[in-house]
Amino acid sequence: MAEQPHIELKNVELAYGSFVVMRDITAQVKRGEIFVIMGGSGCGKSTLLWNMIGLRTPPKGDILYDGRSFLKADDTERVTMEKKFGVLFQSGALWSSMTLIENISLPMTEHSEMPADEIGRLARFKLALVGLKGFEDFYPSEISGGMMKRAGLARAMALDPEILFFDEPSAGLDPITSRRLDELIMQLRDNLGTTVVMVTHELDSIFAVADNAIFLDNVSRTVTASGPPKTMIRNSDDSAVRAFLTRGGKKNLEYAS
Amino acid sequence: MEFAARCEEKKITFDQTTLPDGVCDTLKLALAVPEQTDASRKIEQLGRVARLGNAVVRAGQSVRNTSEFVGECVLSVARMLRGRAQFRRSDFTLFVQEAGAEALGICMMISFLVGLILAFVGAIQLQQFGASIYVASLVGIAMVREMGCIMTGIIMCGRTGASYAAQLGTMKVNQEIDAYRTFQFSPIDFLVMPRMLALFLMMPLLTAFANVAGIIGGALIGVFMLDLSVMEYWNQTVKSVTLAQCSVGFIKSFVFGIIVALSGCYNGMRCENNAAGVGQATTSAVVAGITSIIVADAIFAVLFNILKI
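None of the values given here were measured: they were computed from a predicted structure. (Residues numbered from 1 in each chain as written. Chains lettered and ligands numbered in written order. Predicted model: local features only at pLDDT ≥ 70, side-chain atom pairs only at ≥ 80, totals over all residues.)

A. Focus on the overall build of chain B. In terms of helices and strands, chain B carries 11 helices and 0 strands. In chain B, the succession of α and β elements from N to C terminus is α-α-α-α-α-α-α-α-α-α-α. Judged by the C-alpha coordinates and their principal axes, chain B covers about 100 × 55 × 40 Å. Sequence-distant contacts in chain B: of pairs separated by 6 or more residues, those separated by 24 or more amount to 86%. (Helix = DSSP H or I, 4+ residues; strand = E, 2+ residues; numbered from the N terminus. Contact = placed C-beta atoms within 7 Å.)

B. The overall build of chain A, seen in detail. Of the regular secondary structure elements, chain A holds 10 helices and 10 strands. Its C-alpha atoms give chain A a radius of gyration of 18 Å, near enough to 18 Å, the size a compact globule of 257 residues would have. With respect to the three principal axes, the spread of C-alpha positions in chain A is 55 × 45 × 40 Å. The 257 residues of chain A split such that 41% are buried. Put simply, of all contacts in chain A between residues at least 6 apart along the chain, 62% involve residues at least 24 apart. (Rg over C-alpha atoms; globule rule 2.2 N^0.38 Å. Buried ≥ 20, exposed ≤ 12 C-beta atoms within 10 Å, placed from the backbone.)

C. Quick peek at the packing of helix α6 (residues 134-173) of chain B against helix α11 (residues 275-307) of chain B. All names here are of chain B. Contact geometry for α6 and α11: axes closest at 8 Å, N-to-C directions at 150°. The orientation of α6 relative to α11 falls into the category roughly antiparallel. Our pair here, α6 against α11, has a crossing hand that is right-handed. The residues of α11 that touch α6, namely those facing I150, G153, I154, C157, G158, G161, A162, A165, A166, G169, T170 and V173, are G277, V278, A281, T282, A285, V286, G289, I290, I293 and D297. Here the residues of the contact of α6 with α11 are counted per class, giving 13 nonpolar, 8 polar and 1 charged. (Axes fitted to C-alpha atoms, helices over the stretch in contact; angles between N-to-C directions. Parallel < 35°, antiparallel > 145°, perpendicular 65-115°, else oblique. Left-handed = near helix turned anticlockwise from the far one by under 90°. Nonpolar A, V, L, I, M, F, W, Y, C, P; charged D, E, K, R; others polar.)

D. Seen up close, the packing of α6 of chain B against helix α9 (residues 230-240) of chain B. Residue and element names in this part refer to chain B. Two elements in contact, α6 and α9, have axes whose closest approach is 8 Å; the angle formed by their N-to-C orientations is 50°. Classified by the angle between their axes, α6 and α9 sit oblique to one another. In terms of crossing hand, the pair formed by α6 and α9 is right-handed. Residues A136, S137, G140 and I141 of α6 lie in contact with α9, whose contacting residues are Y233, Q236, T237 and S240. Of the residues contributing to the contact of α6 with α9, the split by class is 3 nonpolar, 5 polar and no charged.

E. Inspection of the pairing of strand β2 (residues 19-29) of chain A at higher detail. As judged from the 7 bridges shared by strand β1 (residues 7-16) of chain A and β2 of chain A, these two strands associate in the antiparallel manner. When the bridges of β2 of chain A are listed, Y16 of chain A appears paired with F19 of chain A. (Pairing = 2+ DSSP bridges.)

F. View of the interface of chain A and chain B. Counting residues at the interface gives 15 residues for chain A, matched by 12 residues for chain B. Residues belonging to the side of chain A that touches chain B are distributed by class as follows: 9 nonpolar, 3 polar and 3 charged.

G. Up close: the sheet that holds strand β10 (residues 223-227) of chain A. All names here are of chain A. The 6 strands lie next to each other as β6-β7-β8-β3-β9-β10, forming an open sheet whose pairing is mixed. Among the strands making up the open sheet, the edge pair consists of β6 (85-88) and β10. With direction set aside, neighbouring strand axes in the sheet form an average angle of 15°. Pairing of β6 with strand β7 (residues 163-167), which is carried by 4 bridges, proceeds in the parallel orientation. Its bridge partner lying in β7, V87 is registered against F165. Strand contacts of helix α5 (residues 145-156): β6 and β7, with the helix running at about 175° to β6, the strand carrying the most contacts.

H. Main features of unusual backbone geometry. Residue and element names in this part refer to chain B. You will see that Q175, though not glycine, has its phi angle at about 65°, which is positive. Topologically, Q175 is positioned in the loop between α6 and α7 (176-182). We classify Q175 as buried; it has 23 C-beta atoms within 10 Å. For Q184, which is not glycine, the phi dihedral falls at a positive 60°. Note that Q184 resides in the loop between α7 and α8 (187-224).

I. Local environment of the domain arrangement of chain B. Per the domain assignment, the segments making up chain B are domain 1 (2-26) and domain 2 (88-307). Averaged C-alpha coordinates put domain 1 of chain B and domain 2 of chain B at centres separated by 66 Å. (Domains from an automatic or database assignment.)

J. Looking closely at the environment of Q125 of chain B. Positionally, Q125 of chain B belongs in helix α5 (residues 101-128). Each C-alpha atom of the pair Q125 of chain B and V135 of chain B lies 9.5 Å from the other, and the pair is 10 residues apart in sequence.

K. Structural detail: α6 of chain B. All names here are of chain B. When the terminal C-alpha atoms of α6 are compared, their 54 Å separation across 40 residues agrees well with the 58 Å that a helix rising 1.5 Å per residue should span. Largest kink in α6: about 60°, centred on M143. For α6, the buried fraction is high: 29 of the 40 residues fall into the buried class. Positioned one or two residues after α6, Q175 has a phi angle of 65°, which is positive. (Expected span 1.5 Å × (residues − 1). Bend = angle between axes of the 7 residues up to and from the residue.)

L. Main features of the nonpolar core. Counting residues in hydrophobic clusters, the biggest one holds 141 residues, and the most contacted among them are V36, F165, V197, A213 and F215 of chain A together with V139 and L199 of chain B. Considering each element in turn, this core owes the most residues, 19 residues, to α6 of chain B. The contacts of F215 of chain A, once residues within four sequence positions are left out, are M38, G39, V223, T224, A225, V241 and F244 of chain A. (Core = buried A, V, L, I, M, F, W, Y, C linked by C-beta atoms within 7 Å.)

M. Geometry of the sheet that holds β1 of chain A. Residue and element names in this part refer to chain A. Ordered by their spatial adjacency, 4 strands build an open sheet running β2-β1-β4-β5, and the pairing between neighbours is antiparallel. Only two strands of the sheet have a single neighbouring strand rather than two, namely β2 and β5 (68-69). With 2 bridges connecting them, strand β4 (residues 60-65) and β5 associate as antiparallel partners. Across the sheet, Y65 pairs through a bridge with R68, a residue of β5.

Put into structure tokens, the structure is as follows:
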């Protein structure tokens, strides 16, 4: 038997009310893989992510983690599944009434039995990991957008999740910070074996980090291409996919030939 | 653009080359992406019956949403009583400070003035009968039984209820509430409970201060306009304001505290994901809060009348 996929999407449909955004999304994500969901703005990438972490429920289809249905799971099973997730929201979504260190320690205090000083040490370590050492006692409103995003990443990693979900991690970051973030993501995967699901449309990071990807198409409202981006750009005969990956035929042509 | 669409409809080739360059390019830009026909909203002309039906359905939905929220809060209170509440003590003390000490000044000032007004209105009427001493009873009973808790409720609704709605609404827009969910924190436990508890505990205290301030306001009129002595006024107040009257006011203030917290938090949590949504949530929090306070007060009035308290 082939290796059990870590995450499996089966014919998932996304809809807002009666307006279907995407249909028939089918994909498999292997353990320890960086999986990118890409597509144009407003095509339902983030919606798909929200469905995967249980903030929304898709009207059709099923989502499986380690072969077990996430949507049909009972409450306790669902909670154990959700405890393995770490989520980085688009704008960081740090809790604004708490300092950075409190933001990161809170999940640990609530979900683990560690003593307080141990938690403090770990939280400071996670913050140092994303390059925010020294900002422990700042409030989210006092730091920049890029720092908020990095702090959000530190919080997502607080409980050492098996799967990290990123909603546009590099949007709004300068090229160097976003490059560092890509490296950080790859290191996490390599060192901790974390599976990463990432929504993005930054071409540079797609080519730098993605092991596997799906392309959600605005017009046909379904997945029009899947596979590693580098082979996708070469093999896909869908013009939208090629245009997206080459930025309208202007970039990354070296992969295409 | 309409012209181009019409041409396409009638299968006529539309020669754009004769147009000036700028117009031609802009037109190309506009026609580049085909219209997503099913994406544009359909504006349907509905008949009166259909509109009425829609309104009823919407009203039904909002009743269901509200009771769902209240239900979740009850479950959360049960969790809290069993000692499994998940909120931070520092949050709670902050809310207590905001809803208590910081609101004290405004509550006392308004109540003082209300007591003053009541005394004025009563004085003019009662003086005609030479019963001006009863101004003390009028002000005392009215303050303790009704005005103290209602005024406090309304002030707190505009002050704290609105701020709760705005806080939670902004958190929702900022996805902070989603972030709580992804860490398996119940937003109700974490955000609503400390706020509700703070108001539940602070409202009666504020009401007590408001009552005293109102009675002082009335006494001022009694002493300076009606030539009553302070002792006289005080004795009459003590005689007429019984423990039962006081407890009626306090029972109501507990309930009003919960109402203010619920309407603030409910509207904040259901806020739409944009800045206008936050404004709307705040507005409906205050409107719903004040309305529910008055309605609840009316129900209490009937209830206490039946119970003859």
